Amino acid sequence: MSNIKLLKPVLFFVFFIILFIIFFISKPSDASDGIAIYWGQKGNEGNLSSTCATGRYAYVNVAFLVKFGNGQTPELNLAGHCNPAANTCTHIGSQVKEFLSKFGNRGRKVYLTGAPQCPFPDRLMGSALNTTLFDYIWVQFYNNAPCQYTSGNTERLFDSWNTWTTLVTAKKIFLDVLISQILPTLKKSGKYGGIMLWSKFWDDRNGYSSSIFASV
């Protein structure tokens, strides 16, 4: 790891709704392809500041924002980290401010992304994605037999990846592929953005991001 440049992560909140829409709150000007990690659903996965400081992640998904819109007061569900009802999540705000002071910029602060399933078009998000408003797409290629990777068979995944990168107008498309050997083929697309992992808790235990860091 000593010869690998540590990453400045992009931080954004995940809205936990049926369309799984995500808004970035910041994007460094030098953000590049890399690993996205979900944070917020396990109390013993470290705090947000330490997650951003690992150097392993280009993107950190703060999951989940369970209430927003229609005049409602936004509410986070961060599981074991804090309880919004008891007003114990205020320290998260200071960690976000710390992130912005280190990695924020004066450019665009909000990005619209979505996380569809890999069967195309997505049953729930198909119409939304057709609006061409999305900046980034996180495609779920696991638990989807028609388009997921299976041992010794890459055809379904490659065909699905080509469909998504050809027909969807998002700037970058990410995937949850855990097989580093197939990444060279996927990275040939100009829309390749990186991979996403669930979650910081499990990554700490299996060390997967460290093992694949140089390949992403």
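In this report, we go over the structure that sits alongside the text. (Residues numbered from 1 in each chain as written. Predicted model: local features only at pLDDT ≥ 70, side-chain atom pairs only at ≥ 80, totals over all residues. Heavy atoms only, no water.)

Below, the discussion takes up the packing of aromatic side chains. Scanning the entire structure with this criterion turns up 10 aromatic pairs. Summarising the aromatic geometry, the rings of Trp138 and Phe174 are spaced 4.2 Å apart at their centres and angled 20 degrees between planes, so their arrangement reads as stacked. Linking Trp138 in strand 7 (residues 136-139) with Phe174 in strand 8 (residues 172-175), this pair joins segments that are 36 residues apart in sequence. For Trp138, a relative accessible area of 0% puts it in the buried group. Taking the centre distance of 6.4 Å and the plane angle of 70 degrees together, the rings of Trp161 and Tyr192 count as edge-to-face. Residue Trp161 is located in helix 4 (residues 155-167), and its partner Tyr192 is located in strand 9 (residues 192-197); the two are separated by 31 residues in the primary sequence. Per residue, the accessibility class of Trp161 equals that of Tyr192, and both read buried. Each residue in the set Tyr59, Tyr136, Trp138 and Phe174 is aromatic and connected to the rest through ring pairs, giving one cluster. In this structure, Lys42 is placed above the aromatic ring of Phe201, and the distance from its NZ or CZ to the ring centre is 5.0 Å. One residue, Arg205, lies across the ring of Phe201, its end atom 3.7 Å from the ring centre. (Phe/Tyr/Trp six-rings, centres within 6.5 Å; stacked < 30°, edge-to-face > 60°. Helix = DSSP H or I, 4+ residues; strand = E, 2+ residues; numbered from the N terminus. Buried < 20%, exposed > 50% of the residue type's maximum accessible area, 1.4 Å probe, protein only. Lys NZ or Arg CZ within 6 Å of the ring centre and 35° of its normal.)

Before going further, it helps to spend a moment on the state of the cysteines. Taken as a whole and assessed by the stated rule, the structure comprises 2 disulfides. Across a sulfur-sulfur distance of 1.9 Å, Cys118 and Cys147 are joined as a disulfide pair. Around the S-S axis, the bridge from Cys118 to Cys147 shows a dihedral of about 80 degrees and counts as right-handed. On the criterion of sequence distance, the pair formed by Cys118 in the loop between strand 6 (111-114) and helix 3 (126-129) and Cys147 in the loop between strand 7 and helix 4 is long-range, its members being 29 residues apart. For Cys118, a relative accessible area of 1% puts it in the buried group. For the protein chain, the bonded cysteines pair up as 1-2, 3-4 when numbered in the order they occur along the sequence. (Disulfide = S-S within 2.5 Å.)

For the structure shown, the criterion picks out 4 salt bridges. Of the charged contacts in the structure, one is a salt bridge between Arg56 and Asp203, with a shortest N-O distance of 3.6 Å. You can see Arg56 sitting in the loop between helix 1 (48-52) and strand 4 (59-67) and its partner Asp203 sitting in helix 6 (residues 200-206), a full 147 residues away along the chain. Pair check on accessibility: Arg56 and Asp203 agree, each one buried. Across the pair Asp204 and Lys200 runs a salt bridge whose closest N-O atoms are separated by 2.8 Å. (Salt bridge = Lys/Arg side-chain N within 4 Å of Asp/Glu carboxyl O.)

With 6 of its 6 residues buried, strand 3 (residues 34-39) lies for the most part within the structure. Sheet analysis places strand 3 next to strand 9, joined by 4 bridges and oriented parallel. Directly across from Ala36, in strand 9, lies its bridge partner Met196. Sheet topology note: the strand 3/strand 4 ladder contains 4 bridges and is parallel. Its bridge partner being in strand 4, Trp39 is matched across the sheet by Val62. (Pairing = 2+ DSSP bridges.)

Further remarks concern the nonpolar core. By size, the foremost hydrophobic cluster in this structure holds 44 residues, and its most contacted members are Ile137, Trp164, Leu186 and Ile195. In terms of residue count, helix 4 provides more of this core than any other element does, 4 residues in total. Discounting residues that sit within four places of it in the chain, Ile195 has contacts with Gly34, Ile35, Ala36, Phe174, Leu175, Val177, Leu183, Tyr208, Ile212 and Val216. Core analysis: the second largest hydrophobic core is formed by 12 residues, Tyr38, Ala63, Ala115 and Met196 among them. (Core = buried A, V, L, I, M, F, W, Y, C linked by side-chain atoms within 4.5 Å. Contact = heavy atoms within 4.5 Å.)

Attention now goes to the pairing of strand 4. Within strand 4, 7 of the 9 residues are buried, which leaves the element mostly enclosed by the surrounding structure. Both strand 4 and strand 5 (residues 75-76) contribute to a ladder of 2 bridges, which runs antiparallel. Bridged to Leu65 within strand 5 is Leu76.

By themselves, these figures tell us nothing about what the structure is for.
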